[in-house]
Amino acid sequence: MTDYTWENVLVTGDANVAGYERTFDELVIRLVLWDESSREVKATGVTVSHDVGTWECDAIVRYPDFDDDEGRTGYAVINTDSEATLTFAAQQLDLGEPAT
């Protein structure tokens, strides 16, 4: 893994990953935010994803290691220790809206 400063895409504070589902080229991440509201982040055009134990989510950030020549952008879920725990490459990322 490359050592660099994360570029925030979505700052979630002290959130938990309630779960995620990967189907063919789509990845949906369900977050429970610090105020107990929820948020669903949807990535489409996903080609690669790796999970090393995703439970916490302080932010979703750019992850340039997964950028590719086909127009996909790399992203990562960062835990409270600033470690990338769920990494993926996607053509589009919909950050959704907080729901109560």
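Everything that follows concerns the structure shown earlier in this document.
A short tour of the structure in this document, coming up.

Thresholds, definitions, all that
- Residues numbered from 1 in each chain as written.
- Predicted model: local features only at pLDDT ≥ 70, side-chain atom pairs only at ≥ 80, totals over all residues.
- Heavy atoms only, no water.
- Phe/Tyr/Trp six-rings, centres within 6.5 Å; stacked < 30°, edge-to-face > 60°.
- Helix = DSSP H or I, 4+ residues; strand = E, 2+ residues; numbered from the N terminus.
- Buried < 20%, exposed > 50% of the residue type's maximum accessible area, 1.4 Å probe, protein only.
- Pairing = 2+ DSSP bridges.
- Axes fitted to C-alpha atoms, helices over the stretch in contact; angles between N-to-C directions.
- Core = buried A, V, L, I, M, F, W, Y, C linked by side-chain atoms within 4.5 Å.
- Contact = heavy atoms within 4.5 Å.

**A short note on the packing of aromatic side chains**
Logical step 1: All chains considered together, the criterion is met by three aromatic pairs.
Logical step 2: On the numbers, 6.1 Å between centres and 25° between planes, the contact of W6 with Y63 is stacked. Taken together, the positions of W6 in the segment before β1 (7-23) and Y63 in the loop between β5 (56-62) and β6 (73-78) put the pair 57 residues apart, joining distant regions of the chain.
Logical step 3: Classification of W6 as buried rests on a relative accessible area of 18%.
Logical step 4: The structure contains a cluster of three or more aromatic residues connected by ring pairs, namely W6, Y63 and F66.

**Remarks on the pairing of β1**
Logical step 1: In this structure, β1 lies alongside β5, joined through six bridges in antiparallel fashion. When the sheet's bridge partners are listed, A15 is paired in β5 with C57.
Logical step 2: Here seven bridges tie β1 to strand β2 (residues 26-32), and the two strands are oriented antiparallel to one another. Of the residues in β2, the one forming a bridge with T23 is E26.
Logical step 3: Taking the residues that link successive antiparallel strands as the turn, the β1-β2 hairpin has two residues, and the phi of F24 there is positive, at about 30°.

**Here's the deal with the sheet that holds strand β8 (residues 92-94)**
Logical step 1: Ordered by their spatial adjacency, eight strands build an open sheet running β4-β7-β6-β5-β1-β2-β3-β8, and the pairing between neighbours is antiparallel. Lying at the two open borders of the sheet, with one neighbouring strand each, are β4 (48-51) and β8. Across the sheet, the axes of successive neighbouring strands diverge by a mean angle of 30°, strand direction being ignored.
Logical step 2: Pairing geometry for β4 and strand β7 (residues 84-90), over four bridges, is antiparallel. Each bridged residue has a counterpart across the sheet, and for S49 the counterpart in β7 is F88.

**What to know about the nonpolar core**
Logical step 1: I29 and F88 are the most contacted members of the largest nonpolar core, which has 18 residues in total.
Logical step 2: Elements supplying a minimum of two residues to this core: β1, β2, β3 (38-44), β5, β6 and β7.
Logical step 3: Excluding residues that lie within four positions of it along the chain, F88 makes contacts with L27, I29, A43, V48, S49, F66, T73, G74, Y75 and L93.
Logical step 4: Counting residues in hydrophobic clusters, the runner-up holds nine residues, among them W6, V61, A76 and A84.

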